[in-house]
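So the chains spell out like this:
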Amino acid sequence: MFDNFSSENFSVKDGVRIHARVGGNGPGLLLLHGHPQTHVMWHRVAPSLAERYTVVVPDMRGFGDSSRPEPGLESVAYSKRVMAQDMVELMQQLGFDRFMVGGHDRGARVAHRLALDHPGQVERLLFLDIAPTLAMYERTSMAFARAYWHWFFLIQPAPLPERLIEADPVAYLHNVSGRRHAGLSAFQPEALSEYERCIALPFTARSICSDYRASAGVDLEHDALDRDAGRHLSMPLRVLWAEHGAVGQNFDVLSLWKNVSHGEVSGRSVDCGHYLAEERPDAILQEMMTFFLSKAA
């Protein structure tokens, strides 16, 4: 699925291994995946992007073929601050002190923190189907809680969620992904097979829960501190959300991002479900080319 991409492992802080594919030449473009997926979610757009950019598609810690470290107190090892630092170190090892970032779902939350903590290194940001984490928790409605039930299931104290997922990890994957707008038909068989393989790897359930527990704990603390201090995003931001997804149906996505940004913010809905890059790859590729090329040119 990634012709002409190399497959490499990189060592970042505390010996964590980050697995990534790297392809193309040109300005650096980091693409971060969501849950319960891996870097493979970008397979329909990354090869074309690699004609203009050096495209880096990693598995974030806890996912795919990257390390699954112990979560630590309050799941701090899966805080978006730590996960973002992984990505900064990865890109530096590839020779990029400044780069562009695209993120979907959990990956977009890591990208958000990366841009806040390292504004001098992020040139442009593109988010797929998220609103700011702090705003989403503060404005949760019954409709959103029903649609995003996993947000509240995964943050329950260990080890209950882990045990339930580990009892049948593929069933969990199929339920979380298959209940969305396009069902499992959103995924090519090769991609779905890879998601199934990776979610069944040892300690994946623990990593997933730790990621979400951090988002409902230490990440909210970091976000609130930034809000109170007036620290907002400063680089151009493009936000796309699913017309048939829970985020766009429950939140004023563009307005919420404008509230936390001092830079240019634009965006629109896309006629699809949550998995935009796999359901509407042509539209997402065109959006990325247009948005990122304005800088790369």
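Residues numbered from 1 in each chain as written. Predicted model: local features only at pLDDT ≥ 70, side-chain atom pairs only at ≥ 80, totals over all residues. Heavy atoms only, no water.

**Observations concerning the packing of helix H2 (residues 80–93) against helix H3 (residues 106–117)**
At step 1: Between H2 and H3, whose axes approach to 8 Å, the crossing angle comes to 80°. It follows from the interaxial angle that H2 and H3 lie roughly perpendicular. Here Lys80, Arg81, Met83, Ala84, Met87 and Val88 of H2 lie close against H3, whose contacting residues are Arg106, Arg109, Val110, Arg113, Leu114 and Asp117.
At step 2: For the contact of H2 with H3, a count of residues per class yields six nonpolar, no polar and six charged. (Axes fitted to C-alpha atoms, helices over the stretch in contact; angles between N-to-C directions. Helix = DSSP H or I, 4+ residues; strand = E, 2+ residues; numbered from the N terminus. Parallel < 35°, antiparallel > 145°, perpendicular 65-115°, else oblique. Contact = heavy atoms within 4.5 Å. Nonpolar A, V, L, I, M, F, W, Y, C, P; charged D, E, K, R; others polar.)

**Details of the packing of aromatic side chains**
At step 1: Under the definition given, this model contains 13 aromatic pairs.
At step 2: With a centroid separation of 4.8 Å and an interplanar angle of 45°, the aromatic rings of Tyr137 and Trp151 are classed as tilted. You can see Tyr137 sitting in helix H4 (residues 133–138) and its partner Trp151 sitting in helix H6 (residues 149–153), a full 14 residues away along the chain.
At step 3: The exposure class assigned to Tyr137 is buried, which follows from its relative accessible area of 17%.
At step 4: Residue class for Trp151 comes out buried when judged on its relative accessible area of 2%.
At step 5: On the numbers, 4.9 Å between centres and 35° between planes, the contact of Phe144 with Tyr148 is tilted.
At step 6: Note on Phe144: relative accessible area 0%, which makes it buried.
At step 7: Pairwise contacts between aromatic rings join Tyr137, Phe144, Tyr148, Trp151, Phe152 and Phe251 into one cluster.
At step 8: Lying over the aromatic face of Tyr212, Arg106 brings its terminal NZ or CZ to 3.7 Å of the ring centre.
At step 9: Arg124 extends its terminal NZ or CZ atom over the ring of Phe291, reaching a point 4.8 Å from the ring centre. (Phe/Tyr/Trp six-rings, centres within 6.5 Å; stacked < 30°, edge-to-face > 60°. Buried < 20%, exposed > 50% of the residue type's maximum accessible area, 1.4 Å probe, protein only. Lys NZ or Arg CZ within 6 Å of the ring centre and 35° of its normal.)

**Quick notes on unusual backbone geometry**
At step 1: With an omega of 0°, the peptide bond between His35 and Pro36 qualifies as cis.
At step 2: At the junction of Ala158 and Pro159, the peptide bond is cis and its omega measures out at 5° in the coordinates.
At step 3: Within the secondary structure layout, Pro159 lies in the loop between H6 and helix H7 (160–167).
At step 4: If you check the backbone angles, Glu74 has positive phi at about 60° while not being a glycine.
At step 5: Along the chain, the position of Glu74 falls in the loop between strand S4 (54–58) and H2.
At step 6: Of the residues examined, Glu74 reaches a relative accessible area of 54% and is grouped as exposed.
At step 7: The backbone phi angle of Phe203 is positive, close to 75°, even though this residue is not glycine.
At step 8: As for its position among the elements, Phe203 is in the loop between helix H9 (189–199) and helix H10 (204–215).

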